[in-house]
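What the coordinates show
Residues per chain are reported as follows:
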Amino acid sequence: MREAGAGDLATRVFRHHLETVARGDAGFIRETEIRPLENLPRFGGGNAGDAIARTAVIKLNGGLGTSMGLAQAKSLLHVTPEKTFLDIIVAQVMSVRKSFGATLPAVFMNSFHTERDTAHYLDRFEDLAVPRIPLSFLQNRVPKVLRDDLTPVSYPANPDLEWCPPGHGDLFTALPESGVLGALLEQGYRYAMVSNSDNLGAFPDPGLAQWFADSGAPFAMEVCRRQSSDRKGGHLAVRASDGTIILREVAQTAVEDLADFQNIERHSYFNTNTLWLDLRALSDELDRRGGFLGLPVIRNAKTVDPTDPTSAEVYQLETGMGSGIEIFEGALAIEVDRSRFLPVKTTNDLFLLRSDAFDVDETGVIEQTVGTLPRIDLDPSYFGHMRGFEARCHHIPSLRAARSLTVVGDYTFREGLVVEGDLTLG
């Protein structure tokens, strides 16, 4: 890592994670060790005070969208014919600035793969950057390690695949090490809303900013009620031994506990990965802990080449930023409306977001135009990657009267189609 230019803090954090795994301390969170989290407060709106003037927006923007066949920053995808994810994010920030007289810095945590594309695209927004606040910083990368002996894997066929991102928990390493945390505090910003760039529902709501400031909490997580489509996502629970709220991801779940993990009636809340941070409290906690938080380590079992199941078996050592909820004393979770969680992880999601089931206004706010969103299931062989998707979905049908759309096989949608009820093609 040092030879590759990694900073001292990032190297120390990785070493800590590696030693944790070597000791066998990065195990599963057993169902017998937790109990369900119940009756969280729900945010029903709030008045905007002065907290938004002391708030920054941090967008996690490291993804390439490789699962959708992309080779550039995923946030450069078009959500509408005119607007990419980045256009909408900027519109949201600028509309809050205009309406509330707030500076509201926008900062992007990019990867080595997305930094150049993102910086080039953002050059068109002359008023976006805030003086003395960097517009972006780089997340770290760490070695993949062999499962049998935890040594760094060698893969001469593609040396880039020897490395991986250390999960979005790296925010708590990259933010201070890049100097962005210090810059924000120095310029008087006390709070930050952190969210994924592909979740366009995570609008920087001044009412939520005020709620968080008034709570006095160091850390808060936005959560939603789990639905059947959320069975695989991380859920909140209460650690039985001390009553602490924790986050459990599927990679931290033993096979025998998967049924309970996926039981949305038992574990009702999932992490939207939108967080609110008290930056001063974060800085103090980092100082108290010697520079890093000590988040639970997740061992993601992979092959060094994700496309080759016969390649070397490795672990990617990761942390999730949501697991910070168990680190900060007084951390909170609050249920928010589902409209604040609109991630685009697959072309199914993009198909729905591009349809008339949603409306994107000039402020970047995305409004759902139907009571219940239809279920979309497009054949991944033809629609899974963007090249095939764009060729077949130049015209998205009306979905306002649809309950579900399933496509099996090679179909192209023509202009003017309307889907009603449940439709299966194939």
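For the structure, see preceding data.
Residues numbered from 1 in each chain as written. Predicted model: local features only at pLDDT ≥ 70, side-chain atom pairs only at ≥ 80, totals over all residues. Heavy atoms only, no water.

What follows concerns unusual backbone geometry. Peptide bonds are, in most cases, trans, and in most cases residues other than glycine have a negative phi. In this structure, leucine 104 takes a positive phi of about 40 degrees despite not being glycine. When you line up the elements, leucine 104 lands in the loop between α2 (85–100) and β3 (106–110). Its identity is not glycine, yet asparagine 273 carries a phi of approximately 65 degrees, on the positive side. Of note, asparagine 273 is situated in strand β12 (residues 269–278). By relative accessible area, which is 6% here, asparagine 273 ends up buried. (Helix = DSSP H or I, 4+ residues; strand = E, 2+ residues; numbered from the N terminus. Buried < 20%, exposed > 50% of the residue type's maximum accessible area, 1.4 Å probe, protein only.)

Turning next to the sheet that holds strand β19 (residues 398–407). Pairing within the open sheet is parallel, and its three strands lie in the order β18-β19-β20. The open sheet has two free edges, formed respectively by β18 (375–378) and β20 (418–425), since each of these has just one partner strand. Pairs of neighbouring strands in the sheet enclose a mean axial angle of 20 degrees, with direction left out of account. Taken together, the four bridges between β18 and β19 define a ladder with parallel strand orientation. Opposite isoleucine 376, over in β19, you have leucine 405 as the bridge partner. (Pairing = 2+ DSSP bridges. Axes fitted to C-alpha atoms, helices over the stretch in contact; angles between N-to-C directions.)

In this section: the sheet that holds strand β13 (residues 298–303). Reading across the sheet, the three strands line up as β6-β14-β13 and stay open at both edges, with antiparallel pairing between neighbours. For this open sheet the edge positions go to β6 (145–146) and β13, each flanked by a neighbour on one side alone. Across the sheet, helix α1 (residues 8–22) lies against β6, β13 and β14 (313–318), angled at about 125 degrees from β14, the strand it touches most. (Contact = heavy atoms within 4.5 Å.)

As a further point, take the packing of aromatic side chains. Within the structure shown, the criterion is met by nine aromatic pairs. Geometrically, the ring pair formed by phenylalanine 212 and tryptophan 276 is tilted, given 6.4 Å between the ring centres and 40 degrees between the ring planes. Within this pair, whereas phenylalanine 212 is found in helix α6 (residues 206–215), its partner tryptophan 276 is found in strand β12, the two being separated by 64 residues in sequence. Of the two residues, phenylalanine 212 and tryptophan 276, neither departs from the other in class, the shared state being buried. For the ring pair phenylalanine 351 and phenylalanine 413, a centre distance of 5.5 Å and an interplane angle of 50 degrees mean the geometry is tilted. Residue phenylalanine 351 is found in helix α9 (residues 347–354), and its partner phenylalanine 413 is found in the loop between β19 and β20; the two are separated by 62 residues along the sequence. (Phe/Tyr/Trp six-rings, centres within 6.5 Å; stacked < 30°, edge-to-face > 60°.)

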